[in-house]
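Spelled out from the first residue to the last, the chains are:
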Amino acid sequence: MPILRTSRAQHRAGNLTLGGLLAGLGERSFGWAIVVFSLVTILPLPPGSSVITALPVLVTTFQMLLGFPHVRLPGPLARLRIDPDKLRLTLLRLRPVTRRLERRLRPRLVALFAPRHEPLLGLALFVIAFTLFLPVPGSGWFPAISLFIVGVGLVERDGLVAVLGLAFGAFSVLLTVAIVLSLAEGAEAIMG
């Protein structure tokens, strides 16, 4: 698993930080960051929390849109030290799930991940992340799940999975727009 190999190398060098780990993952850091940050937004948190939890996904997808080589976190977050033993234990606990996923995932439609397509992919993900950021009741889970699916596709270089995630993301954007329009009509009817 690339994240374990990278964390081991950085731990031996004595500089295992969140920013260093993501930089060490290179272009795959976008996929890993999207997977982790979208999972955080799926957690059962108080209503309106997505305004805060969606910020890292917005930053990540915006950097992808701008063509950054890897995710660059703000200073304090980048310098955050990671306990290598806790990271290894967490990844090992996830191993049964990741093994099942890895059996089904494989490099497909890899042209989708070509550097020339990255800004367009980043734009699509940014739009999905923006709908996640909006405090619209009942719409948060859909963009978070679609971002998670695309993130897995990015990590595993499986373009088919990424396309499915993007299609689900388009549905989540349309759903959010429909909810916003419905709320606006309701408010107009009450005021009118």
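Please refer to the structure higher up on the page.
Here's what I pulled together on the structure shown here. (Residues numbered from 1 in each chain as written. Predicted model: local features only at pLDDT ≥ 70, side-chain atom pairs only at ≥ 80, totals over all residues. Heavy atoms only, no water.)

**With respect to the packing of helix α3 (residues 28–42) against helix α10 (residues 141–156)**
Where α3 meets α10, the closest approach of the two axes is 8 Å, and the angle between their N-to-C directions is 155°. Judged by the inter-axis angle, α3 sits roughly antiparallel to α10. As for the relative orientation of α3 and α10, their crossing is left-handed in sense. Counted together, Arg-28, Gly-31, Trp-32, Ile-34, Val-35, Ser-38, Leu-39, Thr-41 and Ile-42 of α3 and Trp-141, Ala-144, Ile-145, Leu-147, Phe-148, Gly-151, Val-152, Leu-154 and Val-155 of α10 form the full contact between these two elements. Among the residues forming the contact of α3 with α10, the class breakdown is 13 nonpolar, 4 polar and 1 charged. (Axes fitted to C-alpha atoms, helices over the stretch in contact; angles between N-to-C directions. Helix = DSSP H or I, 4+ residues; strand = E, 2+ residues; numbered from the N terminus. Parallel < 35°, antiparallel > 145°, perpendicular 65-115°, else oblique. Left-handed = near helix turned anticlockwise from the far one by under 90°. Contact = heavy atoms within 4.5 Å. Nonpolar A, V, L, I, M, F, W, Y, C, P; charged D, E, K, R; others polar.)

**Observations concerning the packing of helix α9 (residues 118–133) against α10**
Orientation of α9 relative to α10, taken along the N-to-C sense of each, is 150°, at an axis distance of 9 Å. By the angle between their directions, the pair α9 and α10 is classed as roughly antiparallel. In the crossing of α9 with α10, the sense of the turn from one axis to the other is left-handed. For the pair α9 and α10, the contacting residues are Leu-121, Leu-125, Ile-128, Ala-129, Thr-131 and Leu-132 in the first and Pro-143, Ala-144, Ser-146, Leu-147, Val-150 and Leu-154 in the second.

**Here's the deal with the nonpolar core**
By size, the foremost hydrophobic cluster in this structure holds 29 residues, and its most contacted members are Leu-121, Leu-125, Leu-147 and Leu-154. Within the residue set of this core, elements represented by two or more residues are α3, α5 (55–65), α9, α10 and α11 (159–191). If you tally residues by element for this core, the top one is α3, at 6 residues. Apart from the residues within four sequence positions on either side, Leu-154 is in contact with Gly-31, Ile-34, Met-64, Phe-113, Leu-121 and Leu-125. (Core = buried A, V, L, I, M, F, W, Y, C linked by side-chain atoms within 4.5 Å. Buried < 20%, exposed > 50% of the residue type's maximum accessible area, 1.4 Å probe, protein only.)

**Considerations on a positive patch on the surface**
There is a patch of like positive charges on the surface, built from Arg-99, Arg-100, Arg-103 and Arg-104. Among the secondary structure elements, Arg-104 is positioned in helix α8 (residues 95–104). Classification of Arg-104 by relative accessible area gives exposed; the value is 60%. (Patch = residues over 30% accessible without salt bridge, like charges linked within 9 Å, V, L, I, M, F, W, Y side chains within 5 Å. Areas by Shrake-Rupley, 256 points an atom, 1.4 Å probe, with all protein chains shown as cover. Salt bridge = Lys/Arg side-chain N within 4 Å of Asp/Glu carboxyl O. Lys, Arg positive; Asp, Glu negative; His and termini not counted. Charge placed at Lys NZ, Arg CZ, Asp CG, Glu CD.)

**Description of the packing of aromatic side chains**
This structure, assessed with the given rule, holds 5 aromatic pairs. When the centroid spacing of 5.6 Å and the interplanar angle of 50° are considered together, the rings of Phe-62 and Phe-126 count as tilted. Highlighted residues: Phe-62 in helix α5 and Phe-126 in helix α9, separated in sequence by 64 residues. Owing to a relative accessible area of 39%, Phe-62 belongs among the partly exposed residues under this scheme. You can call Phe-126 partly exposed: its relative accessible area is 24%. Relative to Phe-133, the ring of Phe-130 has its centre 6.2 Å away and its plane inclined at 35°; by these criteria the two rings are tilted. Here the residue Phe-130 and the residue Phe-133 both occupy positions in helix α9, the gap between them amounting to 3 residues, near one helical turn. On the basis of relative accessible area, Phe-130 is assigned to the partly exposed category, the value being 39%. Each residue in the set Phe-142, Phe-168 and Phe-171 is aromatic and connected to the rest through ring pairs, giving one cluster. (Phe/Tyr/Trp six-rings, centres within 6.5 Å; stacked < 30°, edge-to-face > 60°.)

Any functional reading would require information beyond the geometric quantities listed.
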